[in-house]
Amino acid sequence: MDCIFFEEDKIFLRSFLAEQSFARTDLEKLLAEDGFAAEICADGQILLKKWNFDSIKILEDKSVAFEGKMPGEGKLVFEPLFRIFEDQKQTVDKENCGEKIIAVFKAMDEILKNAGFDENQNEDETKKLTIFPGAQGILVSEKQENGSFWAVVLPGNLFERCAENSKDYGKFQGIFVHRGLEGLEAAIFTRAALAYRAITKKYAFCQENLEKRQADITDSNFIPVEYEIPAVTEKLALSVDAGLCVKRKKRIIPGERRFVNEKTEKNRIEILKKALEFNSKLLEDFFKSGFSQNQGDQRFLERRSEFIKKQAQKIKFGRFYRRNSKKIWGSVFAVIAGFSVAFSFNKENQKLATSMGLTSGQTVQTLLTGIHKADVTIIQEIAKGKEAKSLIQQVSGFYVTNKQRLAMDEKDGTLTPAGWLFFRGKTDFWQYGITNLTVDGIQTSSNFDYPKRKDKKTPLKEENGKTLKKGDEISHEVSYNLIYNEGEPIITVLTTTENVHLVWNGKRWIVRKISGTGKTFRNSYSVKNYKKDYLDCLEKTGENVKKAAELLRQKYGFVPSEMDLKDEVPYMIKKYNSSAAKEFE
């Protein structure tokens with residue numbers, strides 16, 4: 001069933017919901033959302049105005065539809081662009097179809113020109129609009145006696161919401177939209193998807209299944225225009241292809257530094273600029289040239305076939321890696337652990353941690369710092385033996401997960417629990433690290449400034465008034481919370497008390513065993529709820545991180561201590577130029 005139907009001088013949009021179901025939604029609030037109506041005059045002038053539905057109607061089958069008056073004077077006969085596309089493949093009247101399609105794209109050019117998008121549009125809630133619906137939501141009239149056409153672009157968000165209720169969503173709407181984009185980028189993508197269909201008579205992303213279609217969009221799994229139409233102009237082909245490859249602009253929080261891969265961002269901007277070169281004149285020239293009838297020679301078909309083959313191999317490899325990356329990395333790190341290769345960007349031995357010159361308690365602090373920072377090079381230097389290897393594999397799993405997420409997208413970083421608080425809830429970064437560490441019941445920093453080999457520390461002679469001899473043993477009780485994300489929505493908190501056993505090797509303390517005391521508890525919390533509660537605390541304390549953390553700690557016992565927050569201040573200032581860290585007292 002089509003989303004749109006007409007009665008006399010009325011345009012109707014089906015909600016695909018029964019009256020009772022409709023009443024439980026907020027769809028009625030979108031009644032006032034603006035779409036656009038444009039008269040494309042024969043002299044090239046385009047008269048654009050806002051247009052919207054003005055009422056709701058209960059249909060005979062008790063379902064609800066939105067009702068709006070046709071623009072213009074007199075009775076106009078409209079068709080969805082979707083139907084024009086179908087006619088384009090079958091009808092002998094190619095010229096009429098071409099004129100209607102060009103009229104639509106002229107209207108879209110004018111809409112984009114007047115939409116008010118700017119560089120900050122992703123930060124402005126009012127700009128988060130899907131201004132272009134798919135081909136079912138764009139209507140075009142028959143040619144008028146004065147040579148003009150009328151085009152109606154229905155309200156984008158309203159159309160999207162209604163189409164989602166249809167079993168034909170993928171066919172009518174989904175194949176034209178990128179659900180990961182918004183604002184300008186979303187509009188450009190939809191325009192490019194429509195242009196691709198107009199030029200090639202095919203859909204760039206034809207999967208009606210949402211998951212498969214989004215995978216194809218992410219991988220740019222479509223055949224470029226130049227491999228579909230041999231004689232198309234380079235500028236037209238590249239601008240349409242670029243429009244199908246646009247990426248979302250990274251959100252930059254004012255006053256904070258974020259991971260921004262300069263090369264990736266530069267590439268995103270270049271793609272966007274190329275996509276913006278598309279205009280209806282390029283399409284009009286293409287239709288007038290007759291190039292669309294050229295199917296290409298044998299050499300063209302061979303080049304096309306070779307491209308498709310290489311593209312399939314590339315995408316197959318990429319998807320295999322994404323599906324199996326954890327297994328691949330797990331195997332890699334198992335081999336690394338088996339051969340005792342250091343997990344570190346800097347493998348110069350002199351820069352490695354050491355427990356030389358440290359007391360047994362300071363050695364335990366160094367070990368916990370390694371766990372807190374997911375730095376296995378520290379753990380390798382401080383702990384030895386079977387249990388140390390097990391700990392290394394456990395910590396390396398967090399390290400690899402973080403690096404893998406960063407490789408996929410720079411915005412997918414990880415912060416310590418204290419660092420996360422300094423973003424004042426304005427981050428989607430994951431959390432990993434230790435909070436509220438105590439050694440033998442005394443609150444202790446999990447960010448210990450440990451010595452390195454290059455410091456050439458001298459061995460201790462005695463500890464606690466006792467001369468140290470090779471083989472001496474000692475134990476310390478440690479308690480802490482280990483916090484880490486398990487996917488996007490969940491924070492896991494491991495609250496544990498353990499005994500750390502150390503042995504003096506004649507020069508320094510070495511951790512040989514970590515045994516549980518039976519006091520280990522595992523709890524999971526909703527990231528959404530935790531963030532909401534933190535924002536409430538910030539509001540109550542005037543955005544004061546220290547006071548908000550104290551308040552939040554009343555509900556969540558694992559919230560970082562004041563010592564944890566203070567330890568994180570220098571890093572947050574250096575890495576993110578954090579205003580909250582600068583204000584911390």
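Residues numbered from 1 in each chain as written. Predicted model: local features only at pLDDT ≥ 70, side-chain atom pairs only at ≥ 80, totals over all residues. Heavy atoms only, no water.

## Here's the deal with the environment of Ala192
Move 1: Mapped onto the elements of the fold, Ala192 is located in helix H6 (residues 183-200).
Move 2: In contact with Ala192, other than residues within four places in its own chain, are Val240, Gly243 and Leu244. (Helix = DSSP H or I, 4+ residues; strand = E, 2+ residues; numbered from the N terminus. Contact = heavy atoms within 4.5 Å.)

## Focus on the side chain of Glu39
Move 1: With respect to the helices and strands, Glu39 occurs in strand S3 (residues 35-40).
Move 2: Of the buried charged residues, Glu39 lacks a salt bridge, with Lys49 as the closest side chain of opposite charge at 7.9 Å.
Move 3: Among the polar contacts made by the side chain of Glu39, one reaches the side chain of Ser148 at a distance of 3.4 Å.
Move 4: In contact with Glu39, not counting residues within four places along its chain, are Gln45, Ile46, Leu47, Asn146, Ser148, Phe149 and Trp150. (Buried < 20%, exposed > 50% of the residue type's maximum accessible area, 1.4 Å probe, protein only. Lys, Arg positive; Asp, Glu negative; His and termini not counted. Salt bridge = Lys/Arg side-chain N within 4 Å of Asp/Glu carboxyl O. Polar contact = N/O pair within 3.5 Å; in protein donor to acceptor, adjacent residues only side chain to side chain.)

## Some details on the packing of H6 against helix H9 (residues 262-276)
The packing of two helices is summarised by the inter-axis angle and the distance between the axes.
Move 1: Contact geometry for H6 and H9: axes closest at 11 Å, N-to-C directions at 50°. In terms of axis orientation, H6 runs oblique to H9. The two elements H6 and H9 cross, and the hand of that crossing is left-handed. Seen from H6, the contacting residues are Glu185, Ile188 and Arg191; seen from H9, they are Arg268, Leu272, Ala275 and Leu276.
Move 2: In terms of residue class, the contact of H6 with H9 is made up of four nonpolar, no polar and three charged. (Axes fitted to C-alpha atoms, helices over the stretch in contact; angles between N-to-C directions. Parallel < 35°, antiparallel > 145°, perpendicular 65-115°, else oblique. Left-handed = near helix turned anticlockwise from the far one by under 90°. Nonpolar A, V, L, I, M, F, W, Y, C, P; charged D, E, K, R; others polar.)

## So, unusual backbone geometry
Move 1: For Ala374, which is not a glycine, the phi torsion comes out positive at approximately 50°.
Move 2: By secondary structure assignment, the location of Ala374 is in the loop between helix H12 (360-372) and helix H13 (376-382).
Move 3: With a phi angle near 55°, Asn436 is a residue other than glycine that sits in the positive phi range.

## So, the sheet that holds strand S2 (residues 10-18)
Move 1: Read from one edge to the other, the open sheet built from four strands follows the order S1-S2-S6-S5, with strand pairing classed as antiparallel. Both edges of this open sheet fall to strand S1 (4-7) and strand S5 (55-58), since each of them pairs with a single strand only. Here the strands of the sheet are splayed against their neighbours by 35° on average, with no regard to which way each runs.
Move 2: Examined bridge by bridge, S1 and S2 share four bridges and lie antiparallel to one another. Bridging from a neighbouring strand, Glu7 pairs with Lys10 of S2.
Move 3: Against the sheet, helix H4 (residues 156-164) touches S1, S2 and strand S6 (63-69), its axis set at about 45° to S2. (Pairing = 2+ DSSP bridges.)

## Topic: the sheet that holds strand S8 (residues 138-141)
Move 1: Strand order in this open sheet of five strands is S4-S3-S9-S8-S7, and the pairing throughout is antiparallel. One side of each edge strand has no neighbouring strand; the edge strands of this open sheet are strand S4 (46-51) and strand S7 (78-80). Taken pair by pair, the neighbouring strands of this sheet meet at an average axis angle of 20°, ignoring direction.

## Section: helix H8 (residues 234-243)
Move 1: With seven of 10 residues buried, H8 lies mostly within the body of the structure.
Move 2: Every buried residue of H8 is accounted for by Leu236, Ala237, Ser239, Val240, Asp241, Ala242 and Gly243.
Move 3: Those residues of H8 that are buried lie in contact with H6, H9 and helix H10 (280-289).

## Brief notes about the side chain of Glu67
Move 1: By secondary structure assignment, the location of Glu67 is in strand S6.
Move 2: A residue is classified by how much of its surface remains accessible, and Glu67, at 14% relative accessible area, is buried.
Move 3: If near-sequence neighbours (up to four positions away) are discounted, Glu67 is found in contact with Lys10, Ile11, Phe12, Phe53, Asp54, Ser55 and Lys57.

## Regarding the environment of Ala215
Move 1: Here Ala215 lies in helix H7 (residues 210-218).
Move 2: Taking relative accessible area as the criterion, Ala215 reaches 26% and is therefore assigned partly exposed.

## Section: the packing of aromatic side chains
Move 1: Here the structure, examined in full by the defined rule, presents 24 aromatic pairs.
Move 2: Ring geometry for Tyr530 and Tyr556: centres 5.0 Å apart, planes at 90°, overall edge-to-face. Placement of the pair is Tyr530 in helix H16 (residues 527-540) and Tyr556 in the loop between helix H17 (545-553) and helix H18 (562-576), with a sequence separation of 26 residues. Each member of the pair Tyr530 and Tyr556 is classed as buried.
Move 3: Linked through ring pairs, Trp420, Tyr525, Tyr530, Tyr534, Tyr556 and Phe558 together constitute an aromatic cluster.
Move 4: Its guanidinium or amino end placed over the ring of Tyr203, Arg197 lies 5.2 Å from that ring's centre, counting from NZ or CZ. (Phe/Tyr/Trp six-rings, centres within 6.5 Å; stacked < 30°, edge-to-face > 60°. Lys NZ or Arg CZ within 6 Å of the ring centre and 35° of its normal.)

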